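# Residue-level structure breakdown
Below, each chain spelled out in residue letters.
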Amino acid sequence: MDALALSRLQFAVTSMFHFIFVPLTLGLSILVAYMESRYVRTADETYLRMTKFWGKLFLINFALGIVTGITMEFQFGMNWAEYSKYVGDIFGAPLAIEATVAFFLESTFIGLWVFGWNKLSKRAHAVSIWLVAVATNLSALWILLANGWMQHPVGYTLRNNRAEMTDFVALVTNSYGWLKFFHTLLSGYVIAAFFVMGISAYHLLKRNDLNFFRRSFRTAATFGLLSSILIFLVGDFHAAEVAKTQPTKFAAMESVWETKQGADYNLIVVPDPANERNSVEAIGIPKLMSFLAFGNAQAEVKGLKEFTPAERPPLLPTFISFRLMIISGVLFVLLTIIAFFASRGDTLDSRTTLLTIMLYALPLPYLAAQFGWIVAEVGRQPWIVYGVLKTSDAVSKAVSPAQVWASLIGFTFLYGFLAVVDIYLLTKTAKKGPDSDLSAIIKTARTQEV
Amino acid sequence: MAFQIIWFVLWGVLWAVYFMLDGFDFGAGMLYNFISADETEKRIVTHTIAPVWNGNEVWLITAGGATFAAFPTTYALMFSYLYSALLLVLFSLIVRGVSLEFREKSDSPAWKKGWDIGIFLGSFLPALLFGVAFGNIFHGLPMDADGYHGSLLSLLNPYGLLTGALFVLLFLVHGAIYLAVKTSGGLAEKAAGLANKIWVVLLVVAVAFLAYTYFATNLYANYFSTYVLLIVPVLAVLSLLAIRLFAAKGQYLKSFFASCLTIVMVTSTGVIGLYPNLIPSSLDPNHSLTIFNSSSSVYTLKIMTVVALIFVPIVIAYQIWTYRVFRQKTTPLDIAAEKESY
């Protein structure tokens, strides 16, 4: 493999690994902050124990999100120097702003939250975790505005052999970036909801600490239901935005070959990329594709044949990932509706089938989020900045294949090791359950008032 | 034109503050295995940096982000030319972070021992490699119209290694004094004793560095043309001496501030000497990366200036507040309380 292929593989490995941890942080920070606020309001000690237990899991995950994030910032320059030179004028700004306005806040207040139990007032302590939650979500906004620009470049002009920013407001109001932001945020909320529901289900099945886990489950089910429904709506807007701005990606997502007006939506499609057609197209809903994409049943949907093969993204990964993401999304809505109503009454812990399903459903939203990123990034190929710069022109010239081999192997080992440690620690902590020694917890929490 | 200079100053400030803050984390991390007599002392040492290292490290992320946004060509070439060295820095920082976060998650001695090695390596390697990298930047990288002609090994030249040693020693003294301030009893005494001893070596290496710099780099040219700038290296030397003077009187907090000032002034001495270069070429000055030929457009620099002027003071304010919240010495009692909460 050449440096380009290796660099792409390395970027895929490191960013997908990073994105195992980020989305849980996005959602769980909010849930933990909510729990602590409830504790401050009601002085109900179950909420304090919930804060501590879910907070512990939050921190294990958070640590890996932080350390793998440094890689992301370094490797634009390391592996994608031509890209960095060409677009740094406009792409560097949101990254630098992210660090300044969000990452500092997140990293400083997490220290205060973890080590400040005895040093801050109850209220200030709860404010710390809320600031962490806000900062994490704000951080995602700037990163996704940066990514949104790569998907749908706006507010720039080509000058001095590079893309120069001409309109900062256009960059920060880029609708593509905002849709992506909400879509990503909500995917993190769904992941966090399934994480909390899954672990709660494990303990409810074992009949551990029923009151604690019923309440955790109920909180997560409510959060999960809202998020699953919203992500569906946002996802729909987002797909429409893709149809408008990235016709090649949209055609690959849906495996559309021929340009058509009033295109049908086929529930079952089997693509045959070698022959530039679909070998199966069944259960078509008339004109639905045109309607979903453009809000107009007669609108024209561009097919892949409209573009030369060199301009098309790899079809199968884009198409399959998109289908799997949509199916998962439907499943999340159904599961959270059932979970929501089941968690209302007092019978939750007797619903063993549902609890077993929720336990095993824990990894699904993680997978859906990874599929989503495959659609977003593979579907954008051959472009690194859609319509502006090809990925093949973006790779560093000074970096040899041997260097990237070495780094790729290094990342694989290091990240593999971290994954093992992370899974070990999360499983151990999750299985152990919340601290039952309330007196110790309360003592630590109370000394803060002295 | 003026905006490039503003960002050059900010670029220097970000690196200087990063080294000042993460420097004591590195120092404490390097000393950690050798200074602590038992498990409680080990936990006291990590506890002195645990609440703040994360926020300190963001100064590096911001320095990187600012380089990207303000001087994209320098960011692109510096990071791709120094690929392997930066990769080692990256891996070390990842290891340091997870070692600090995960060490207390199990009581098994083997588990703790593994992370102890991680804390040492994750502190020592970045300290050394940042020094080596900056030494090579001060000296200039072998680059011309055909690109870069160096390798990981060519970075390990005598001047690069001397700068690496200077950084390691600066951070060791810095970390030792930090521990003298933040701990008590035997541990604090040991830290202070070590700071005094290492300081002597630091002084020797610092003198050698200043002398070697005259021969190996062009850094002094700006000082000879604008004498008033000499105040910066003079302050670096004076604050270096002040570290020892205050430490001898047992005034460790003042000694720590002197050590902070030393790191900021040493970094500034180098950065001022570079001007107007960010990375000089050791082969052909026409291929040096300057703040003018590698910067973003004035429009971008203006936007970033506004963002920096609003948010950097806010960051500084809440970080100072955080240090105030955690201003007390770490005692065995804190360790006991921590065990109960996490």
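Our structure is the block above this text.
Residues numbered from 1 in each chain as written. Chains lettered and ligands numbered in written order. Predicted model: local features only at pLDDT ≥ 70, side-chain atom pairs only at ≥ 80, totals over all residues. Heavy atoms only, no water.

Turning our attention to the packing of aromatic side chains. Residues and elements named next belong to chain B. In this structure the tally under the stated criterion is 64 aromatic pairs over all chains. Seen in terms of ring centroids, Tyr18 and Phe130 are 5.7 Å apart; in terms of plane orientation they differ by 75°. Their pairing is edge-to-face. In this pair, Tyr18 is assigned in helix α1 (residues 2–35) and Phe130 in helix α6 (residues 109–139), connecting sequence segments 112 residues apart. The exposure class of Phe130 is buried, given its relative accessible area of 4%. In this structure an aromatic cluster arises from ring pairing among Trp15, Tyr18, Phe19, Phe26, Phe130, Phe134, Phe138, Phe167 and Phe171. (Phe/Tyr/Trp six-rings, centres within 6.5 Å; stacked < 30°, edge-to-face > 60°. Helix = DSSP H or I, 4+ residues; strand = E, 2+ residues; numbered from the N terminus. Buried < 20%, exposed > 50% of the residue type's maximum accessible area, 1.4 Å probe, protein only.)

All names here are of chain A. Here Leu267 is to be found in strand β4 (residues 265–272). Among the residues examined, Leu267 registers a relative accessible area of 46% and is labelled partly exposed. In this structure, the C-alpha to C-alpha distance between Leu267 and Trp130, residues 137 residues apart in sequence, is 42 Å. The contact partners of Leu267, leaving out residues within four places of it in the chain, are Ala282, Ile283, Ile285 and Arg323. (Contact = heavy atoms within 4.5 Å.)

Turning our attention to the pattern of salt bridges. In a structure, side chains of opposite charge can pair up when their charged atoms sit close to one another. Here the structure, examined in full by the defined rule, presents 26 salt bridges over all chains. Asp44(A) is paired through a salt bridge with Arg215(A); the nearest N and O atoms lie 2.9 Å apart. Here Asp44(A), found in the loop between α1 (3–42) and α2 (45–79), pairs with Arg215(A), found in helix α7 (residues 210–245); they are 171 residues apart in sequence, far enough to count as distant. Owing to a relative accessible area of 24%, Asp44(A) belongs among the partly exposed residues under this scheme. By relative accessible area, Arg215(A) is classed as buried at 16%. When salt bridges that share partners are traced, they join Glu39(B), Lys42(B), Arg43(B), Arg103(B), Glu104(B), Lys112(B) and Asp116(B) into one network. (Salt bridge = Lys/Arg side-chain N within 4 Å of Asp/Glu carboxyl O.)

It is worth spelling out a nonpolar patch on the surface at this point. Residue and element names in this part refer to chain B. Taken together, the side chains of Leu210, Ile231, Val234, Leu235, Val237, Leu238, Leu241 and Leu261 present a nonpolar region at the surface, about 610 Å² in accessible area. Ranked by residue count, the leading element in the nonpolar patch is helix α11 (residues 231–248), at six residues. Along the chain, Ile231 turns up in helix α11. We classify Ile231 as exposed; its relative accessible area is 53%. (Patch = residues over 30% accessible without salt bridge, like charges linked within 9 Å, V, L, I, M, F, W, Y side chains within 5 Å. Areas by Shrake-Rupley, 256 points an atom, 1.4 Å probe, with all protein chains shown as cover.)

Okay, the pairing of strand β1 (residues 156–159) of chain A next. Residue and element names in this part refer to chain A. Sheet topology note: the β1/strand β2 (residues 162–165) ladder contains four bridges and is antiparallel. Each residue of the ladder has a partner; that of Tyr156, found in β2, is Met165. Linking β1 back to β2 in an antiparallel pair, the connection comprises two residues, with Asn160 at a positive phi of about 50°. (Pairing = 2+ DSSP bridges.)

Before going further, it helps to examine the interface of chain B and chain A. Contact residues are listed per partner, giving 65 residues for chain B and 76 residues for chain A. Interface area, chain B with chain A, both sides summed: about 6200 Å², of which 75% is carbon and sulfur. Put simply, chain B and chain A have zero salt bridges between them. Linking chain B with chain A are 16 residue pairs in polar contact (both at pLDDT 80 or more), by the criterion used here. Taken together, the elements giving at least two residues each to the side of chain B that touches chain A come down to α3 (53–70), α4 (72–81), α5 (83–102), α6, α13 (298–325) and α14 (332–341) of chain B. (Buried area = accessible area lost by both parts, 1.4 Å probe. Polar contact = N/O pair within 3.5 Å; in protein donor to acceptor, adjacent residues only side chain to side chain.)

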